[in-house]
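Residues per chain, in single letters:
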Amino acid sequence: MAEIPSAPTRGTLSLRGAYGQTRADYTVEQRWDEYGAGHHEVWRTLFARQSALLARYGAPEVAAGLEHLGVGAQHIPRFEDVNARLSAATGWQIVAVPGLIPEEQFFSHLAACRFPVSVWIREPHELDYLAEPDLFHDFFGHVPLLAHPVFARFMQAYGQAGQKARLHGAVSLLARLYWYSVEFGLIRTAGGLKAYGAGILSSKGETVYAIESPEPHRVGFDISRIIRTDYRIDGYQRLYFVIDSFEQLFQASYGTDFAPLYELFAGQAAISPETLLPEDQLITRGNV
Ligand code: HBI
Ligand code: FE
């Protein structure tokens, strides 16, 4: 890795995509002391903005998780501080990684109750859009729910399912489950529809859109429907799947033998996210 310059305000940005110092499992040290004032400022800005949206748009378990883990706006969290509380809550840990890591290691971490969090944070001109996960997305979006026992158990089951999917050459099918739940999931609550997916909660625009826009379809969660359904990576989703509870998410995933579904769907064309099926449990029909 390049030397760490001690820039007065930004500190170093060389952590982004720095894969030179990874261990075999793709983890690195967080090196919290190397974040500069500018990095903490980006965290503060994003945290203030996104946490203000949680009360109205986020699943209550997300705000509860942030609170429980002692995560606040002040500065980029120290992973070891969070780990002390997280492991007491659910047995999970977060581990520092340079960014996206290969599937094999990603699934191994989840199966072992470790969530990989990128160590680099976006720059001030990137607050609204990033093509790859940074610390803010990984942390704010994913970590709070790891303090929820049932969601945490689901994530471990997903990691184990991922390991099996690799053997079937079916990761691209299983990844749709992750996309439509962990990244872009909605949940029905007494207070109405709320977001729990990290891709939604780490985006200002999509947090409002996912809940309030008349454009996208919103359909009841169904695993075998989800793993047949394409998703878009270049804009807000046209389709969201809605769970009734985290128990539903866990039970459906844990109780499903994916192998026969992989066989069945392997040769079939994917369903477009714009397409509704007669058997869908329609919650809202999109108007676009
Ligand atoms: N690596 N750090 C990181 N974060 C991810 O979400 C991630 C990854 N590697 C692979 C991956 N996701 C996907 O292949 C799976 O969700 C299927
Ligand atoms: Fe993510």
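The structure displayed is predicted, hence computed values, not measured ones.

Trainee: Sorry, what's going on with helix 6 (residues 149–168) here?
Mentor: Residues separated by three or four positions in an α-helix point in the same direction, a consequence of the helix having 3.6 residues per turn. The terminal C-alpha atoms of helix 6, which comprises 20 residues, lie 29 Å apart, in line with the 28 Å expected from a rise of 1.5 Å per residue. The set of residues buried in helix 6 consists of Phe151, Ala152, Phe154, Met155, Gln156, Ala157, Tyr158, Gly159, Ala161, Gly162 and Ala165. Check the buried side of helix 6 and you find it contacts helix 3 (79–90), helix 4 (103–111), strand 2 (114–118), helix 7 (171–183), helix 11 (246–254) and helix 12 (258–266). Downstream of helix 6 by a residue or two, Gly169 has a phi angle that is positive, lying close to 60°.

Trainee: What is the right way to look at the pairing of strand 2 in this model?
Mentor: For a regular strand, the rule is simple: side chains alternate between the two faces of the sheet. Extensive coverage of strand 2 is indicated by the burial of four of its five residues. When strand 1 (residues 93–97) meets strand 2, the two strands line up parallel, connected through five bridges. Bridge pairing in strand 2 links Val97 to Ser118.

Trainee: Please clarify how the side chain of Arg49 should be interpreted in this entry.
Mentor: Relative to the helices and strands, Arg49 resides in helix 1 (residues 37–57). A polar contact is formed between the side chain of Arg49 and the backbone oxygen of Leu127, at a distance of 3.4 Å. Not counting residues up to four positions away in its chain, the partners in contact with Arg49 are Leu127, Asp128 and Lys204.

Trainee: Sorry, what's going on with the sheet that holds strand 4 (residues 192–195) here?
Mentor: Strand pairing in a sheet is mediated by backbone hydrogen bonds. Such pairs are either parallel or antiparallel. The strand order across the open sheet built from five strands is 4-3-6-5-7, with neighbouring strands paired in mixed fashion. Both edges of this open sheet fall to strand 4 and strand 7 (282–284), since each of them pairs with a single strand only. Direction aside, the axes of adjacent strands within the sheet are offset by 35° on average. One ladder, built from four bridges, connects strand 5 (residues 217–220) with strand 6 (residues 239–243); its direction is parallel. Residue pairing across strands places Gly220 opposite Val242, the latter belonging to strand 6. Strands strand 3 (186–189), strand 4, strand 5 and strand 6 of the sheet are contacted by helix 9 (residues 204–212), whose axis makes an angle of about 65° with strand 5.

Trainee: Mind showing me how you'd approach the environment of His142 here?
Mentor: Relative to the helices and strands, His142 is located in helix 5 (residues 135–142). Spatially, the C-alpha atom of His142 lies 20 Å from that of Gln163, the residues being 21 residues apart in sequence. With near-sequence residues (within four places) excluded, His142 lies in contact with Phe115, His137, Tyr178, Val182, Glu183 and Ala198. Among the polar contacts made by the side chain of His142, one reaches the side chain of His137 at a distance of 3.1 Å.

Trainee: How should I be thinking about the coordination of the iron ion (ligand 2) in this particular structure?
Mentor: Six octahedral donors around a metal ideally make angles of 90 or 180 degrees; four tetrahedral donors ideally make 109.5 degrees. Every protein donor of the iron ion (ligand 2) is listed here as His137 (NE2), His142 (NE2) and Glu183 (OE), and their distances to the metal cover 2.0 to 2.1 Å. All donors to the iron ion (ligand 2) come from one chain, and their sequence spacing reads H-x4-H-x40-E. Taken together, the positions of His137 in helix 5 and Glu183 in helix 7 put the pair 46 residues apart, joining distant regions of the chain. Judged by its relative accessible area of 12%, His137 falls in the buried class. For Glu183, a relative accessible area of 11% gives the class buried.

Trainee: Teacher, can you tell me more about the packing of helix 2 (residues 60–69) against helix 3 here?
Mentor: A pair of packed helices is captured by two measures, namely the crossing angle of their axes and the spacing between those axes. Helix 3 packs onto helix 2 with a crossing angle of 120° between their chain directions and a minimal axis gap of 9 Å. The orientation of helix 2 relative to helix 3 falls into the category oblique. Across the interface between the two elements, Glu67, His68 and Leu69 from helix 2 touch Val82, Arg85, Leu86 and Ala89 from helix 3. In terms of residue class, the contact of helix 2 with helix 3 is built from four nonpolar, one polar and two charged.

Trainee: How should I be thinking about the packing of aromatic side chains in this particular structure?
Mentor: The geometry of an aromatic ring pair is captured by the separation of the ring centres together with the interplanar angle, meaning the angle of the planes. Applying the stated criterion across every chain yields a total of 22 aromatic pairs. Judged by centre distance (5.5 Å) and plane angle (70°), the ring pair of Trp43 and Phe136 falls under edge-to-face. One end of the pair, Trp43, is in helix 1; the other, Phe136, is in helix 5, with 93 residues separating them in the sequence. Judged by centre distance (5.0 Å) and plane angle (25°), the ring pair of Phe250 and Tyr254 falls under stacked. Here Phe250 and its partner Tyr254 are both found in helix 11, four residues apart, which amounts to about one turn of the helix. Counting every residue linked through ring pairs, the aromatic cluster contains Trp43, Phe47, Phe79, Phe136, Phe139 and Phe140. Sitting over the face of the ring of Trp32, Arg78 holds its NZ or CZ atom 3.7 Å from the ring centroid.

Reading the values: rules and limits
- Position labels on residues start from 1 in each chain and follow its written sequence.
- Whichever chain is written first becomes A and whichever ligand is written first becomes 1, with later ones labelled in order.
- Where local features are concerned, this predicted model is filtered to residues with pLDDT of at least 70; where side-chain atom pairs are given and counted, the filter is 80 or more; whole-chain, interface and lining totals use all residues.
- Hydrogen atoms and water are omitted, and side-chain values are computed over all heavy atoms in the structure.
- A run of H or I in DSSP counts as a helix once it spans at least four residues, and a run of E counts as a strand once it spans at least two, with each numbered from the N terminus.
- Any helix carries an expected span of 1.5 Å times its number of residues minus one.
- Burial here depends on accessible area, computed with a 1.4 Å probe over protein chains only, as a share of the maximum for the residue type. Under 20% is buried, over 50% is exposed, and the range in between is partly exposed.
- Contacts are residue-level and defined by heavy atoms, with any inter-residue pair within 4.5 Å sufficient.
- Note on pairing: two strands pair once DSSP finds at least 2 bridges between them.
- N or O atoms within 3.5 Å of each other form a polar contact, as long as, within protein, one can give a hydrogen and the other can take it, and as long as residues adjacent in sequence are counted only when both atoms are side-chain atoms.
- Geometry is summarised by axes, namely lines fitted to C-alpha atoms with helices restricted to the contacting stretch, and by angles between N-to-C directions that run from 0 to 180 degrees.
- With water excluded from the atoms, a metal site may look incomplete; its donors are any N, O or S atoms within 2.8 Å, or within 3.2 Å for Na, K and Ca.
- Should an angle lie under 35 degrees it is considered roughly parallel, over 145 roughly antiparallel, and from 65 to 115 roughly perpendicular; all remaining angles are considered oblique.
- The classification used treats Ala, Val, Leu, Ile, Met, Phe, Trp, Tyr, Cys and Pro as nonpolar, Asp, Glu, Lys and Arg as charged, and all other residues, Gly among them, as polar.
- Aromatic rings from Phe, Tyr and Trp, with only the six-membered ring used for Trp, were paired whenever their centres fell within 6.5 Å, and each pair was classed as stacked if the ring planes differed by under 30 degrees, edge-to-face if by over 60, and tilted otherwise.
- Both a distance and an angle decide whether a charge sits over a ring: NZ of Lys or CZ of Arg must be within 6 Å of the ring centre and within 35 degrees of the ring normal.

Just geometry here; none of it tells us what the structure is for.
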